[in-house]
Structure formats: structure tokens, C-alpha cells
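Descriptive analysis of the structure
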Amino acid sequence: MHVVIIGNGIAGITAARFVRKNGDARLTIVSSETEYHVARTALMYAYMGDLRESDLKPYEDDFWTKNRMELVLDHATDLDTAARSVQLASGRRLTYDRLVLATGSRPNRFGWQGEYLDGVQGLYAWSDLKTMQRVTEGITDAVVVGGGLIGIELVEMLRSRSIDVHFLVRETAYMDHLFSRDESELIHRQIDRHGVHLHLGCEVDRFEDDGNGRVAAVTTRDGRSFPAAFAGIGVGVHPRTELAEAAGIETNKGILVDRSFRTSAPDVFAAGDCAEFRRPLVDGRTIEQLWYSARRQGRILGLILSGKDLSYDTPVFYNSAKFFDLEYQTYGSVPATDDAGLETRAWQDGTRLVRVARRADTGALAGVTGFGIRLRHDVAATWIRAARRATFSGQDVRELAFDPEFTSLPHNDIARELSAWT
Ligand SMILES: Cc1cc2nc3c(=O)[nH]c(=O)nc-3n(C[C@H](O)[C@H](O)[C@H](O)COP(=O)(O)OP(=O)(O)OC[C@H]3O[C@@H](n4cnc5c(N)ncnc54)[C@H](O)[C@@H]3O)c2cc1C
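Residues numbered from 1 in each chain as written. Predicted model: local features only at pLDDT ≥ 70, side-chain atom pairs only at ≥ 80, totals over all residues. Heavy atoms only, no water.

Here the focus is the site of the ligand. Near the ligand you find 31 residues, and of these Ala11, Glu33, Arg40, Tyr124 and Asp273 are the closest. Between the ligand and His75 there is a distance of 3.4 Å, counted from a nitrogen atom to a side-chain nitrogen or oxygen. Take Asp273: an N or O atom from its side chain is 2.7 Å from an oxygen atom of the ligand. In the complex, 92% of the free accessible area of the ligand, which totals 1000 Å², lies under the protein chains. When residues of the shell around the ligand are assigned to their parent elements, the largest contribution, three residues, is made by helix H8 (residues 291–305). Classifying every residue of the shell around the ligand by side-chain character gives 12 nonpolar, 13 polar and six charged. (Near = heavy atom within 4 Å. Polar contact = N/O pair within 3.5 Å; in protein donor to acceptor, adjacent residues only side chain to side chain. Areas by Shrake-Rupley, 256 points an atom, 1.4 Å probe, with all protein chains shown as cover. Helix = DSSP H or I, 4+ residues; strand = E, 2+ residues; numbered from the N terminus. Nonpolar A, V, L, I, M, F, W, Y, C, P; charged D, E, K, R; others polar.)

And the structure:
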């Protein structure tokens, strides 16, 4: 059996690893980004000098040959599902028995004037890192557009080189669709402490040309202009579906799949950022654009391709991030504000914050979020899965949260505050 995988991101390579662990299929992995898999989530650390570029490869180069996986650095331009073949840009044609589309996401652009000038870019691919290293060499001023997770990464990267940054965020509070006002303010203070000029409620109008095709400034809708020899864009991503669409495979926002990752074409599967579940997962999502999810999807798909009878659902939702020095973890569902179904309570002490959500009808724990405090994954996930009551003892908090090395958490105070539902 020949399994061809388009995309060597975490979904594609994890699927390949699990096919290999469980059998002898011929495996070919095609990617137009890099020959070897690169840890996308660590791109920023290479720019900041915390990691060497070679550290971004989690596997030794000979891992692939040892495991009999052919890596093809090429772009898949066309797919013929009747002939079971994939056309590559180089002219090579691959035939498959099973095909996996793990084509990931593409950064959003909104048609702003000047958005393709030199020095205007997002951060997604290896080539983005290389371009950013080149175009920010020696510059003093930059603008970052978009108050999401990539936006703040771009800001942190630029600040690591002492570049003056204006950070333009459309919302009036950072990530207000996800965070409470207090949580957004924790992040505003981090941004401020690192010498970044944060402009909330601020929308881009256009990127100004320096006369030689390079960005010189960013003008906002309210008529302000910020000098910028570099403009980073982090305004979200969308699933990369073009190969599937051209082949007549059903797509919506993403490539439509069932819980076994089957697309509408026989023996063609899709997983990771590019896939959209026809039926929502337990937490209501249909698309999961997260590293942990892409890896889990890849693993389950690899097992399915090896003949296991499995289907996918999310375990308890998990995500983590870092806003400069502020660590953030979230488990389950914790809405920005109370809604009809979920109520929330928070404990806060300076830069440390824990917020829990419970189901309004049953009082069961629905989710927990921590800022500046490390939560234990297994404890949070087990409690949410078991729908335990959202009232806590000091001992519960001790179990849930790591005590930092030099300071101790006021476990009893936290428990009291998080349990005082009205
Ligand atoms: C800078 C950055 C930081 C991130 N940080 C986090 C984080 O902290 N936590 C988190 O949960 N998530 C994070 N994410 C999101 C996470 O990285 C993605 O959800 C995950 O990598 C998706 O994996 P994937 O395998 O589905 O797709 P991708 O990693 O996008 O891989 C898809 C690959 O397919 C290739 N490809 C596409 N089409 C073709 C074609 N036609 N022919 C050949 N090759 C093709 C692409 O070039 C790409 O290499 C981050 C993303 C970025 C960009």
C-alpha cells in the first residue's frame, strides 16, 4: 500500500509516524515548505536567538530514511481522485492507495493597499522567518497589526532586537472574545512593561510605500501614521483547501471530513488545520487550528490508516501560550463573560490569575484558565471530564496548581474565592 501525505507539518508527520509504527506501507511525504519537518511553534525562538535553527527540527535528518519515509520537497499542484494521482510542480506524478491532505493553514490578508510591499509579512512558514530575519536587520521602527497570538509573538520578536514597535489592535481589549477584562488587562500591562506602544481600537487603512516598493509607514483609519520599516501581520489564518477544491472534494471553510478524517473522495483523508468536521466536536468546534489538536488528529489518522477502527473526538480542550513573561493555560470552556450556559469566578493577585467556569444548570466544572500560574494538565482535564462540582478546598487547589519555587500560593484563599458562587 502506498500512502502519500501532502504537508509535513505536525499533522502530516504524526500520521506518517503512526502508519510506520503499525505496518509496512510505502510512505511518501510531500512539502513545498521545507524538506524536513520544522517546529512551527518555535519559529520565534530562532529569531530571538534562544534556539539555533537546527533545533527547530525535532528529528535527526536520518530519522526519515531509517523509517523508510520518502521526503519530497515539491508543491502538489493537482489531484486526480479518479486516477488516484497527485501532480507535483516539478513534473513528477505520484500515484497513491491512500492520500492524506495535511496542508495546514494560510495567513489571512484583507486587501489593504500596500499589503504586499517588501517588509510587510505574516509569520507562518520557514520562509517567513528567513525573510523577517533579512528585512528587519538594522531597522529601528516597526508596526504589528492584529491582536492575536501571532501578533504578540511578532511584537516580542521585534522587541528582542530593541526595535520600536507600534502594536495595532482592532479590539478595545486584547483578545476580548476569549479573555475577561481583567485577563486582557494583565496582557496590556505586559505589553506596556516591554516598551511596546499598544493602540487598542485601532484599524489599518494602508501600508505606505517608501517609493522603492518597501514599506515606510502604516496609516490607520483614524488618520494616524506610524513609521515602519517592517510591518508584521497577524490577523488570523484560514484552512488551506485549494488542492481539495480543484479536485472537486467537498469543502466549506476547510476540507470536510467525518470523524475518521474521510473526505468526500474515496481513500482521500484530511487532518490538522486544513480539516473541518462535518459534525461539531463535543466542544462545538468544527475546525481546530492548534498544534496539540493537529498532532492528535495525525496520530488517530495514522492508526486508522493502519487498519484500526477509530474515530476522533476532542479530549478536554487545552491550549497554552506565553505573552512575553506571562504564561497562560486553558482547559475546557471558559467564556470571556458569563453567558446563559456558563458562569465564571476568578481569583487574582497581581499578575497571577485563575478563573473557573461552571455549568449554570448543574454546577459542574466546565473549564479552568490560569495566568502566571501553572496548572496540572491531568488534574484539570480529569476534573472537567468527570464534571465534578465547581467548589474547591485548599487541598484541591494544591493538587491543581504547581507551587512556584520561591513563592507559595495562598491555596485556601484561592479555593474560597473560586467557590463563592452566588
Ligand atoms: C508562528 C506560529 C506559532 C504558533 N504557536 C502555536 C502555539 O503556541 N500553540 C498552538 O496550539 N498552536 C500554535 N500555532 C498553530 C499550529 O502551529 C498549527 O495549528 C499546526 O502547526 C498545524 O499543523 P498542520 O500539520 O495541520 O499544518 P501546517 O503546520 O501548516 O503544515 C502544512 C504543510 O503543508 C504544506 N503544504 C500545503 N499545501 C501544499 C501543497 N499543495 N504541496 C506541498 N505542500 C503543501 C505547507 O507548506 C506546510 O508545510 C502556531 C502557528 C504559527 C504559525
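Before going further, it helps to spend a moment on the side chain of Ser260. Considering the arrangement of structural elements, one finds Ser260 in the loop between strand S18 (255–257) and strand S19 (268–270). In this structure Ser260 comes out as buried when scored by relative accessible area, which is 15%. Once residues within four sequence positions are removed from consideration, Ser260 is found in contact with Phe269, Leu301, Ile304, Leu310 and Ser311. (Buried < 20%, exposed > 50% of the residue type's maximum accessible area, 1.4 Å probe, protein only. Contact = heavy atoms within 4.5 Å.)

Turning our eyes to something else, we now look at the pattern of salt bridges. Overall, the coordinates contain 27 salt bridges when judged by the stated rule. Here Arg355 makes a salt bridge to Glu183, at a shortest N to O gap of 2.7 Å. Here Arg355 is found in strand S24 (residues 352–359), whereas its partner Glu183 is found in helix H6 (residues 181–193), with 172 residues between them in sequence. You'll find Arg355 and Glu183 in the same group, each marked buried. Taken together, the shared-partner salt bridges connect Arg84, Arg98 and Asp267 into one network. (Salt bridge = Lys/Arg side-chain N within 4 Å of Asp/Glu carboxyl O.)

What helix H11 (residues 411–419) keeps buried is the set His411, Ile414, Ala415 and Leu418. Angular distribution of buried residues about the axis of H11 spans 100°; they occupy a single face of the element. (Arc of directions from axis to C-beta.)

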